[in-house]
Amino acid sequence: MAPKRQRAAGDKRAKSRKKQQLHEEAAQLGPAVGDERAKAAVKEAWSRGTPYSHGGLELDFRPFPHCVIRNFLRSEAFLQGLRRELLELNFHNKSNDLYKFQQSDDLRKRTEPHISGLRTVLFGRFRSWLGDVLGVELETTVDISCARYGYTDVLLCHDDALEGRRVAFILYLVPPWQSSDGGALDLYSTDGNFQPQSIVKSLVPSLNTLILFEVSPVSFHQVSEVLTKDKFRLSLSGWFHGPSLERPPRHTEAPVPRNPHLPRDETVLLEWISPVYLDVSYQEQIQEEFEDSSEIQLAGFLKEEKFREVREALRLAQIQWTKRGPPNKRCYEVASLDTLPQCVSACWELLHSEAFFLLLSNFTGLRLHFLCPADDDDDDDDDDCADKTKTEDDTRDGEASGSTAESQSAHASSSKALSTPVCSGELRRWSHGDYTLLHDAEAARAEYALDLVLPFCDTEWQSQFGGFTCYVANEEDEELLTVYPEDNSLALVYRDKETLKFVKHVNHRSSSDSSSTSPSRALYNFSFVYYE
C-alpha cells in the first residue's frame with residue numbers, strides 16, 4: 001500500500017490534470033471538414049490539380065494551390081469566446097521593410113480555454129485531415145500567433161519560404177468586412193523565373209473562414225493595406241510543418257548599369273547649385289561633419305528658381321513612367337530619360353557630371369574624382385597637387401576650370417592604376433502602394449557606396465505617409481538611420497558592405513486628406529549611387 005503522502009500527491013496531480021482538461025473549451029470542426037466523402041473528393045482533386053467546390057470548401061490552383069474553408073468552426077459561441085481572449089492578449093508593434101501590424105506572442109503555450117481548444121483541434125484532428133488530403137506526413141510542430149491589422153497596416157509581397165514550412169494557414173476573426181476595407185489576401189502570378197508578376201486573385205477576410213496554401217516557389221502573396229479606420233483585421237496564422245517542396249535555383253537579376261561621369265565643367269554647378277555650397281571653406285565644414293557621421297542633408301541645395309522649374313516640369317504628362325518590380329523586391333515608377341523636359345534632363349546631367357563628382361569628393365572626402373587622392377596616396381599628394389596646378393594652368397590658357405575627359409585620361413596613364421569612379425541613377429516617382437524591400441541578392445552584392453537622394457515633393461510630404469529611406473545592418477531589424485524626404489534637401493549617406501537600405505511603403509494617408517483639394521500626392525526624387 002502506498003504511503004498516504006504519495007497517494008495525496010498523486011490525487012493532487014490527477015485533480016490538476018482534470019482541472020486543466022475541464023478548463024479547455026472543446027472546438028468542433030465545421031461540416032466541410034467532417035464529411036469523409038468530401039475529404040476523399042478534395043484529396044482526389046488536389047492530387048490531380050483540378051478545382052473543387054462543395055459546401056463551404058473551395059479548392060483552386062490559380063495562381064497556386066490554395067483552399068478556402070468557410071464555417072471552419074461549428075460553434076458561434078466558441079468563436080466569440082476565442083475572439084474575446086485574443087483581443088485581451090498583449091500585442092507588439094511590428095514594423096520593417098516588409099510589414100507593419102501588431103502581433104501577439106507565440107500561442108503554442110497559452111492556456112486560455114478557447115485558444116488552447118483551438119490549438120488542440122487545429123494541430124490534432126485538422127492536421128490529420130490535411131495530411132491525408134496532401135498525402136504528406138505533417139509534423140506536430142506548432143506555429144501559431146495572432147495578428148491585428150489597423151489603418152494603413154500591410155504585409156507586402158513574399159512567399160513564406162522557410163525550411164520546414166509546408167502549409168500556411170490563416171483563420172479570420174474579423175467583424176463584417178468588405179473589399180473596400182482593404183486587408184485582402186492577394187495572390188500573385190509568377191513568370192518563368194518564379195518571380196511574382198501581378199495580383200490575379202484577392203480573398204476578402206470573412207469571419208470563421210480558414211485559408212490554407214502550400215508554401216512553394218510560387219506562393220507569393222500579400223496582405224493588402226487596411227483602409228478602414230473603424231475596425232481591426234484580426235486573424236490567427238501559422239504553418240504546418242513537413243517536407244519542403246523542391247525549390248529551383250534562385251533567379252539572379254542583371255546588375256544595374258554603372259557609368260562614369262559626363263564631361264561637364266564647373267559652369268553647370270554655378271548655374272544650378274546654391275552659392276553657399278560652392279564656397280570652399282563651407283565645403284570643408286560639410287566634409288568634417290560628414291566624416292563624423294557618414295551622412296548629411298544639405299537644405300536648399302539647388303537655386304530656388306531651378307528647383308521650382310524642375311518640380312513643376314515633373315508633373316507634365318509628357319514624361320513616361322514605368323513600374324519597376326518584381327513586387328517581392330520593389331514597386332515604384334521610374335522615368336524614361338528620353339521623355340524628360342529640358343530642365344529635368346539638365347538636372348539629371350548635373351548629378352552625372354564630372355564637376356559634380358568633384359563636388360561630392362569635396363563634400364565627403366571620398367575618391368570620386370582623380371583630383372581627390374585615395375586614402376593610401378599620402379606619398380603622392382605632391383603629384384596630385386601638381387596635376388591640379390596643371391589643370392588650373394590649362395584653365396588660365398582658355399580651357400574650362402573643370403577637368404576634361406582628355407585630362408583625366410592623361411592623368412590615369414601617368415599614375416598608378418586606380419578604379420574609375422562611376423554612378424548609377426534613376427528619376428523615381430512614389431505614390432500610394434510603392435516601396436522597396438530588402439532581399440538576399442541585395443545583401444550578397446552589398447558594397448561601399450555613396451547614396452544620393454534629391455526630393456521634389458508634389459505637395460507637402462509628411463513622414464506618416466511613408467516613402468522615407470531606412471538603413472539597417474544586414475540581418476538586423478533595428479534601424480541605423482532614417483532619411484525623410486524634404487523639398488530641395490540633398491541627402492548623402494555613405495554605407496558599408498554590412499548596411500542595407502529600403503524605402504518604406506507609401507500608405508493610404510498619402511492619397512486621402514480632407515483638408516486638401518488634391519485627390520492624391522506623389523513624391524519625386526533623383527536617386528543616385530556613386531562608387532569610388
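Because the structure is predicted, anything quoted here is derived from the model rather than measured. (Residues numbered from 1 in each chain as written. Predicted model: local features only at pLDDT ≥ 70, side-chain atom pairs only at ≥ 80, totals over all residues. Heavy atoms only, no water.)

Trainee: Just to check I follow, could you spell out the overall build of the protein chain for this structure?
Mentor: Looking only at helices and strands, the protein chain features 13 helices and 24 strands. Residues classed as buried in the protein chain amount to 49% of the 532 residues present. Contacts spanning at least 24 positions in sequence make up 80% of the contacts within the protein chain whose residues lie at least 6 apart. Working note: accessible area of the protein chain is about 26300 Å², and carbon and sulfur atoms make up 47% of it. (Helix = DSSP H or I, 4+ residues; strand = E, 2+ residues; numbered from the N terminus. Buried < 20%, exposed > 50% of the residue type's maximum accessible area, 1.4 Å probe, protein only. Contact = heavy atoms within 4.5 Å. Areas by Shrake-Rupley, 256 points an atom, 1.4 Å probe, with all protein chains shown as cover.)

Trainee: Help me understand the nonpolar core, please; the structure alone is not making it clear to me.
Mentor: Note that soluble globular proteins tend to have their nonpolar side chains buried in a common cluster. Judged by nonpolar contacts, the single largest core of 47 residues is most densely connected at F301, F356, L452, F526 and Y530. Counting residues per element, this core draws most heavily on helix 9 (residues 342–352), which supplies seven residues. Filtering out sequence-adjacent residues up to four positions away, F526 remains in contact with V310, V344, C347, W348, L351, E426, L427, L452, V453, L454 and F456. Of all hydrophobic cores here, the second largest spans 46 residues; its members include A45, F72, F123 and L130. (Core = buried A, V, L, I, M, F, W, Y, C linked by side-chain atoms within 4.5 Å.)

Trainee: Please explain the pairing of strand 23 (residues 499–503) as it appears in this structure.
Mentor: One face of the sheet, then the other: side chains in a regular strand alternate in exactly this way. Within strand 23, five of the five residues are buried, which leaves the element mostly enclosed by the surrounding structure. Side chains of strand 23 alternate between two faces, with T499, K501 and V503 and L500 and F502 buried alike. Of the pairings in the sheet, the one linking strand 20 (residues 469–473) to strand 23 comprises five bridges and is antiparallel in character. Pairing of Y471 across the sheet is with K501, part of strand 23. (Pairing = 2+ DSSP bridges.)

Trainee: Would you mind showing me how to read the pattern of salt bridges here?
Mentor: For side chains bearing opposite charge, pairing can occur when the charged atoms are close. The full count for this structure, using the stated rule, is 27 salt bridges. Residue D181 is joined to K231 by a salt bridge in which the shortest nitrogen-to-oxygen separation is 2.9 Å. Of the two residues, D181 is situated in the loop between strand 8 (165–172) and strand 9 (185–190) and K231 in the loop between strand 12 (221–223) and strand 13 (233–241); the sequence distance between them amounts to 50 residues. Considered together, D181 and K231 belong to a single accessibility category, that of buried residues. Here E349 makes a salt bridge to R264, at a shortest N to O gap of 3.3 Å. Here E349 is found in helix 9, whereas its partner R264 is found in the loop between strand 13 and helix 6 (267–272), with 85 residues between them in sequence. Residue class for E349 comes out partly exposed when judged on its relative accessible area of 29%. (Salt bridge = Lys/Arg side-chain N within 4 Å of Asp/Glu carboxyl O.)

Trainee: What's the story with the environment of Y151 in this structure? I'm lost.
Mentor: By secondary structure assignment, the location of Y151 is in the loop between strand 6 (143–149) and strand 7 (154–158). According to the relative accessible area criterion, Y151 is buried, its value standing at 17%. Y151 sits 357 residues away from H508 along the chain, and the two C-alpha atoms are 8.5 Å apart.

Trainee: How should the packing of helix 4 (residues 76–87) against helix 5 (residues 113–134) be read in this particular structure?
Mentor: For any two helices packed against each other, the geometry is given by the interaxial angle and the distance between the axes. Between helix 4 and helix 5, whose axes approach to 8 Å, the crossing angle comes to 115°. Taken together, the axis directions place helix 4 and helix 5 in an arrangement best described as roughly perpendicular. At the point where helix 4 passes helix 5, the crossing takes the left-handed sense. Judged by residue contacts, F78, G81, L82, R84, E85 and L86 of helix 4 engage P113, H114, I115, G117 and L118 from helix 5. Taken together, the residues of the contact of helix 4 with helix 5 sort by class into six nonpolar, three polar and two charged. (Axes fitted to C-alpha atoms, helices over the stretch in contact; angles between N-to-C directions. Parallel < 35°, antiparallel > 145°, perpendicular 65-115°, else oblique. Left-handed = near helix turned anticlockwise from the far one by under 90°. Nonpolar A, V, L, I, M, F, W, Y, C, P; charged D, E, K, R; others polar.)

Trainee: Is there a simple way to think about the confidence of the model for the protein chain in this case?
Mentor: Regions with low pLDDT carry predicted coordinates that are not meant to be interpreted in detail. Averaged over all residues, the pLDDT of the protein chain is 88; the fraction at 70 or higher stands at 86%. Note on residues 13–22: pLDDT is under 50 here. Beyond four places in sequence and across chains, it has zero contacts. Counting contacts from residues 514–519, a segment whose pLDDT is below 50, to residues more than four positions away or on other chains yields two contacts. (pLDDT = per-residue confidence, 0-100.)

Trainee: What is the right way to read a negative patch on the surface from this model?
Mentor: A cluster of acidic side chains, namely E475, E476, D477, E478, E479, D496 and E498, defines a negative patch on the protein surface. As for its position among the elements, E478 is in the loop between strand 20 and strand 21 (479–483). Residue E478 is classed as exposed on the basis of its relative accessible area, which comes to 65%. (Patch = residues over 30% accessible without salt bridge, like charges linked within 9 Å, V, L, I, M, F, W, Y side chains within 5 Å. Lys, Arg positive; Asp, Glu negative; His and termini not counted. Charge placed at Lys NZ, Arg CZ, Asp CG, Glu CD.)

Trainee: Please clarify how the sheet that holds strand 21 should be interpreted in this entry.
Mentor: Backbone hydrogen bonds hold the strands of a sheet together, and the pairing may be parallel or antiparallel. In space, the three strands of this open sheet follow the order 21-20-23, with antiparallel pairing throughout. Two strands close off the open sheet at either side, each with one partner strand: strand 21 and strand 23. Across the sheet, the axes of successive neighbouring strands diverge by a mean angle of 20°, strand direction being ignored.

Trainee: Looking at this model, I keep getting lost on the environment of L371. Mind explaining?
Mentor: Note that L371 resides in the loop between helix 10 (354–364) and helix 11 (381–396). Sequence-wise, L371 and S361 are 10 residues apart; in three dimensions their C-alpha atoms are separated by 8.9 Å.

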